Amino acid sequence: MVPVDVDLALVGGGGAASLVLAALARHGVHGLRIAVVDPVHRRGQDRTWAFWDRPGNDLDDLLSASWSQVEVVTPGAHRTLELAPLRYAMLRSGPIYDRAAEAERRLGVTRIVAGVETLHDDGGRVLVGTGGDRPALRAGWVLDSRPRPPRRPGRTNWLQHFRGWWLAADRPLFDPARAVLMDFRTPQPARGVSFGYLLPVDSRYALVEYTEFSPDLLTGAAYDRALAGYRDLLGLDPARLTVREVENGVIPMTDGPFAVRPSPRVVRLGSAGGATRPSTGFTFSAMHRQAEQVARALAAGRPPVPRPAYPGRHRWMDAVALRALDRDLVDGPEFFGRLFDRNPAQRVLRFLDGATTLAEELAVMRSTRLRPMVTATVADAAGRLRDRLRPSRRPIWAVPPPVVGPDHPAADHSSR
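Residues numbered from 1 in each chain as written. Predicted model: local features only at pLDDT ≥ 70, side-chain atom pairs only at ≥ 80, totals over all residues. Heavy atoms only, no water.

Asker: Go over the overall build of the protein, please, and point to the residues and values.
Answerer: Helices and strands together make up the secondary structure of the protein, namely 9 helices and 18 strands. Here the C-alpha atoms of the protein give a radius of gyration of 22 Å, agreeing with the 22 Å that 2.2 N^0.38 yields for 416 residues. When its C-alpha atoms are laid out on the principal axes, the protein stretches across 65 × 60 × 40 Å. Expressed as a percentage of its 416 residues, the buried residues of the protein come to 56%. Put simply, of all contacts in the protein between residues at least 6 apart along the chain, 77% involve residues at least 24 apart. Looking at the protein as shown, the accessible area adds up to about 18000 Å², and 53% of this sits on carbon and sulfur atoms. (Helix = DSSP H or I, 4+ residues; strand = E, 2+ residues; numbered from the N terminus. Rg over C-alpha atoms; globule rule 2.2 N^0.38 Å. Buried < 20%, exposed > 50% of the residue type's maximum accessible area, 1.4 Å probe, protein only. Contact = heavy atoms within 4.5 Å. Areas by Shrake-Rupley, 256 points an atom, 1.4 Å probe, with all protein chains shown as cover.)

Asker: How would you explain the packing of aromatic side chains if you had to name every residue and give the values?
Answerer: A full pass over the atoms with the stated rule returns 12 aromatic pairs. Relative to tyrosine 88, the ring of tryptophan 67 has its centre 6.1 Å away and its plane inclined at 40°; by these criteria the two rings are tilted. In this pair, tryptophan 67 sits in strand β4 (residues 65-67) while tyrosine 88 sits in strand β7 (residues 87-92), placing the two residues 21 residues apart along the sequence. Of the two residues, tryptophan 67 and tyrosine 88, neither departs from the other in class, the shared state being buried. (Phe/Tyr/Trp six-rings, centres within 6.5 Å; stacked < 30°, edge-to-face > 60°.)

Asker: Report on the sheet that holds β7, specifying residues and quantitative values.
Answerer: Judged by pairing direction, the sheet is antiparallel, and its 3 strands sit side by side in the order β3-β7-β4 without closing on themselves. Two strands in the sheet have a free side with no partner beyond their single neighbour: β3 (48-53) and β4. Here the strands of the sheet are splayed against their neighbours by 20° on average, with no regard to which way each runs. Each of β3 and β7 is contacted by helix α2 (residues 93-107), which is oriented at about 70° to β7, the strand it contacts most. (Pairing = 2+ DSSP bridges. Axes fitted to C-alpha atoms, helices over the stretch in contact; angles between N-to-C directions.)

Asker: Could you give me a rundown of the packing of helix α1 (residues 15-26) against α2, with the residues and numbers involved?
Answerer: It is at 8 Å that the axes of α1 and α2 come closest, and there the two elements cross at 50°. Relative to α2, the element α1 is oriented oblique. Crossing of α1 over α2 shows left-handed handedness. Residue-level inspection shows Gly15, Ser18, Leu19, Leu21, Ala22, Leu24 and Ala25 of α1 in contact with α2, the latter providing Ile96, Tyr97, Arg99, Ala100, Ala103, Glu104, Arg106 and Leu107. Split by residue class, the contact of α1 with α2 holds 10 nonpolar, 2 polar and 3 charged. (Parallel < 35°, antiparallel > 145°, perpendicular 65-115°, else oblique. Left-handed = near helix turned anticlockwise from the far one by under 90°. Nonpolar A, V, L, I, M, F, W, Y, C, P; charged D, E, K, R; others polar.)

Asker: Give a detailed account of the side chain of threonine 74, specifying residues and quantitative values.
Answerer: Along the chain, the position of threonine 74 falls in strand β5 (residues 69-74). At a separation of 3.1 Å, a polar atom in the side chain of threonine 74 contacts the side chain of arginine 79. In contact with threonine 74, other than residues within four places in its own chain, are Arg79, Phe184, Arg185, Pro333 and Gly337. (Polar contact = N/O pair within 3.5 Å; in protein donor to acceptor, adjacent residues only side chain to side chain.)

Asker: How would you summarise the environment of proline 372 if you had to cite specific residues and measurements?
Answerer: Inspection of the secondary structure assignment puts proline 372 in helix α9 (residues 370-389). A relative accessible area of 15% means that proline 372 is categorised as buried. Sequence spacing of proline 372 and tryptophan 52 is 320 residues, and the spatial spacing of their C-alpha atoms is 29 Å. Those residues in contact with proline 372 that sit more than four places away from it in its chain are Leu329 and Val330.

Asker: Give me the packing of α1 against helix α4 (residues 284-299): which residues, what numbers.
Answerer: Close contact between α1 and α4 brings their axes to 8 Å; oriented N to C, the two are set at 40°. If you check the angle between α1 and α4, you find them oblique. As for how α1 packs across α4, the hand of that crossing is right-handed. Counted together, Gly15, Ala16, Leu19, Val20, Ala23, Leu24 and Arg26 of α1 and Phe284, Met287, His288, Ala291, Glu292, Val294, Ala295 and Leu298 of α4 form the full contact between these two elements. Residue composition of the contact of α1 with α4, grouped by class: 11 nonpolar, 2 polar and 2 charged.

Asker: Outline the pattern of salt bridges, listing residues and values.
Answerer: Counted by the stated rule, this structure contains 33 salt bridges. Across the pair aspartate 7 and arginine 33 runs a salt bridge, and its minimum N-O distance is 3.2 Å. One end of the pair, aspartate 7, is in strand β1 (residues 4-11); the other, arginine 33, is in the loop between α1 and β2 (34-37), and 26 residues separate them in sequence. On the accessibility criterion, aspartate 7 (23% relative accessible area) is partly exposed. For arginine 33, a relative accessible area of 41% translates into the label partly exposed. One network of salt bridges, with partners in common, ties together Arg155, Asp255, Asp380, Arg384, Asp387 and Arg394. (Salt bridge = Lys/Arg side-chain N within 4 Å of Asp/Glu carboxyl O.)

Asker: Can you break down the environment of methionine 317 residue by residue, with the values?
Answerer: Among the secondary structure elements, methionine 317 is positioned in helix α5 (residues 312-326). Given the relative accessible area of 10%, methionine 317 is considered buried. Taking the C-alpha atoms as reference points, methionine 317 and leucine 298, separated by 19 residues in sequence, lie 32 Å from one another. Apart from the residues within four sequence positions on either side, methionine 317 is in contact with Phe351, Glu361 and Met365.

Asker: Tell me about α2, residues and numbers included.
Answerer: Helical periodicity: at 3.6 residues per turn, an α-helix aligns residues three or four positions apart in one direction. Between its first and last C-alpha, α2 extends 21 Å over 15 residues, near the 21 Å set by a 1.5 Å rise per residue. For α2, every residue scored as buried is listed here: Ser93, Gly94, Ile96, Tyr97, Ala100, Ala103, Glu104 and Leu107. Summarising the contacts, the buried residues of α2 are in contact with α1, β2, β3, β7 and β8 (110-112). At the C-terminal side of α2, glycine 108 shows a positive phi close to 65°. (Expected span 1.5 Å × (residues − 1).)

Asker: Outline the pairing of strand β9 (residues 118-121), supporting the account with residue identities and numerical values.
Answerer: One ladder, built from 4 bridges, connects β9 with strand β10 (residues 126-129); its direction is antiparallel. Counted as the bridge partner of histidine 120 is leucine 127 from β10.

Rendered as structure tokens:
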């Protein structure tokens, strides 16, 4: 078989690749030979993304819901936050995949339904192997969005892991004007942080989710117990509710560095490209920015290389925060509660997106407790020095698959 020659190959066809395809069509990129290589042609609702942004962009008509008010709840305080001019938004995967499919048709994309086994970059082209004696593609550039572990294990390696129930009520039970962003009244794990949240689509339909930031996954039964407990904490009568779908997911929270540019003409996107914020697990906003930057670059005839997802100083602050949480130097609910108590909500959200100024970041840092954060900072600096003097011998760390199972008759999905 003679390899197909293309200008751009998207390896992996999930959210990151779908956003790139949509952005290429939106920016009127023409004349590029493009291929998508993925063993699965993704369609329908297989995940849900939650993020914040400003209204008036290309995502407006795809959203399932959005909120200008959210709640952050700790055992001692109940906060209602006004987000304007920002919004908190929910986007299910189906509309993104549909838009990407339309973009594929407009762009004349070649789709190869196969898994990629090898990428050989000679500096001029990339040979994309899918098994067999010859490569399936020769590509000028490859955008690889397949999940990958960090280039080396971090000093702190946590997971954001969760299970959510899509609940249908037999009468109006939810307030569609307000979402619960974080509710820390859930029982806290021995090592880590847990919270619940509630995202109502309308008065009768909502996503209720239990999330942990911790090193290890739970069992399926434990996720269900935690979700049932949070449902009861919200005062929702299970007799009036039906679980329509179940979502499960695992997202890396690590200070380990990712190889964003593993070779001259291979660029990684999504979590493998550094789009996941280590301190929160949020990914979508950075993934959307990456797609926009790739499309603008190609439209201008430049290499499709996005900027770093977050400033270097933010990755350092994330490493310090993860260390403080992991070593139990700070109480998780209090840590996040203080951020929202001592800063405008918009500043916190922009900080988590890596979009704040240095002055704003200093204000955010001042809202945390000084002594434990200084301790974490000194320990992080010592760890970085040890890694320079003696390369890390920490064991390889990879993100495990989410826990799924026959806990409910509804289909299992992953989200975020």
